[in-house]
Amino acid sequence: MHMPQLGLGTFRLKGQQVIDSVRNGLELGYRHIDTAQIYDNEAEVGQALAESGVARGEVFVTTKIWTEHLAGDKLVPSLKESLRKLRVEQVDLTLIHWPSPGGAVPVAESMQALLAAREQGLTGAIGISNFPIALMREAIEAVGAENIATNQVELHPYLQSRQFARFARESGIHLTAYMPLAYGKVMDDPVIAAVAARHQATAAQVTLAWLLAKGYAVIPSSTKRENLASNLKARELVLAPEDLAALDALDRDERLVSPDFGPQWD
């Protein structure tokens, strides 16, 4: 199944909150749900999927392998546990969530294990997340760019990572933008507000449409049904070249997600 370019993120959503968000999202027409082992909500996402009445084949489901499970002998068992929680026989995409801290597990070892998981039918596609250029190179060397469906990274108007994005594009690696609304900072931006006013749109819609125009997939999250519905409309918003240029000019290399175990960024 092809990954829908606009998906529903579930980071920081727990318990009933995530059940409601996924249920509302599916009712509204989202067909791409993104979760991860460390979010501790796979079981609730699975419950919402099971109760939604939407056929399994119609929903693209992504999960991510946590750093403790990146070793060759741990990755597949951990993914099987994720499938049990999600109540599915296969996810559509499995990503390495973060590179192994300090390079404890070689990239090649984890990528080979992911490939084995795909060969066993546990996942439709495989990919990476939070991989800078140097580690993208290692992943490509290990399994080939054609076997890396996406690299999911923080991308928004204030963090555009141009050199990194150029490398990904030239290598044939598709990018998925997480934190696309910069923790809601875009809502207070006068430049984005001006573009939104011109289009009778919201700041969130403008930001998502800008990312989609760059060819990225986006996975905003929300607990509010009206925001979920509104974000979905970004797919229909066509920004003019001057609108795109206005958002391009907001880049200030502002990274909002940088855990101490994270990699050296470009």
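These numbers were taken from a predicted model, which means no experiment stands behind them. (Residues numbered from 1 in each chain as written. Predicted model: local features only at pLDDT ≥ 70, side-chain atom pairs only at ≥ 80, totals over all residues. Heavy atoms only, no water.)

> I tried to follow the sheet that holds strand S8 (residues 217-218) on my own but got confused; where do I start?
As a general point, the strands of a sheet are linked pairwise by backbone hydrogen bonds and lie either parallel or antiparallel. Sheet architecture is open: eight strands sit in the order S1-S2-S3-S4-S5-S6-S7-S8, paired in parallel fashion. Both outer strands of the open sheet, strand S1 (8-9) and S8, are each paired with one neighbouring strand and no more. Across two bridges, the pairing between S1 and strand S2 (residues 32-34) is parallel. Paired with Gly9 across the strands is Asp34, a residue of S2. (Pairing = 2+ DSSP bridges. Helix = DSSP H or I, 4+ residues; strand = E, 2+ residues; numbered from the N terminus.)

> Would you explain the environment of Trp210 in this entry?
By secondary structure assignment, the location of Trp210 is in helix H8 (residues 203-213). Classification of Trp210 as buried rests on a relative accessible area of 1%. The spacing of Trp210 and Ala245 is 35 residues in sequence and 9.6 Å in space, taken between C-alpha atoms. Those residues in contact with Trp210 that lie beyond four places of it in its chain are His156, Pro157, Gln160, Leu239, Leu244, Leu247 and Asp248. (Buried < 20%, exposed > 50% of the residue type's maximum accessible area, 1.4 Å probe, protein only. Contact = heavy atoms within 4.5 Å.)

> Would you mind going over the pattern of salt bridges with me for this structure?
Opposite charge on two side chains allows them to pair when their charged atoms are near. By the definition in use, this model includes 10 salt bridges. Between Arg23 and Asp20 there is a salt bridge, with the nearest N and O atoms lying 3.2 Å from each other. Of this pair, Arg23 and Asp20 both sit in helix H1 (residues 15-28), three residues apart, which is roughly one turn of the helix. The exposure class assigned to Asp20 is partly exposed, which follows from its relative accessible area of 24%. In this structure, Arg162 engages Asp251 in a salt bridge whose closest nitrogen and oxygen atoms are separated by 3.7 Å. Here Arg162, found in helix H6 (residues 162-171), pairs with Asp251, found in the segment after helix H10 (241-248); they are 89 residues apart in sequence, far enough to count as distant. Beyond isolated ion pairs, a larger network of salt bridges with shared partners links Lys185, Arg252 and Glu254. (Salt bridge = Lys/Arg side-chain N within 4 Å of Asp/Glu carboxyl O.)

> Mind showing me how you'd approach the nonpolar core here?
For soluble globular proteins, nonpolar side chains are generally found buried alongside one another. One finds Met111 and Val206 to be the most contacted residues of the largest nonpolar core, which totals 78 residues. When sequence neighbours within four positions are dropped, the list of residues in contact with Val206 reads Ile192, Val195, Ala196, Ala201, Leu237, Leu239 and Leu247. (Core = buried A, V, L, I, M, F, W, Y, C linked by side-chain atoms within 4.5 Å.)

> What should I look at first to understand unusual backbone geometry in this one?
Most peptide bonds are trans, and most residues other than glycine sit at a negative phi. Despite not being glycine, Tyr183 shows a phi value in the positive range, around 55°. One can find Tyr183 in the loop between strand S7 (175-178) and helix H7 (190-199). One non-glycine residue with positive phi stands out, namely Asp253, at about 55°. Here Asp253 lies in the segment after H10.

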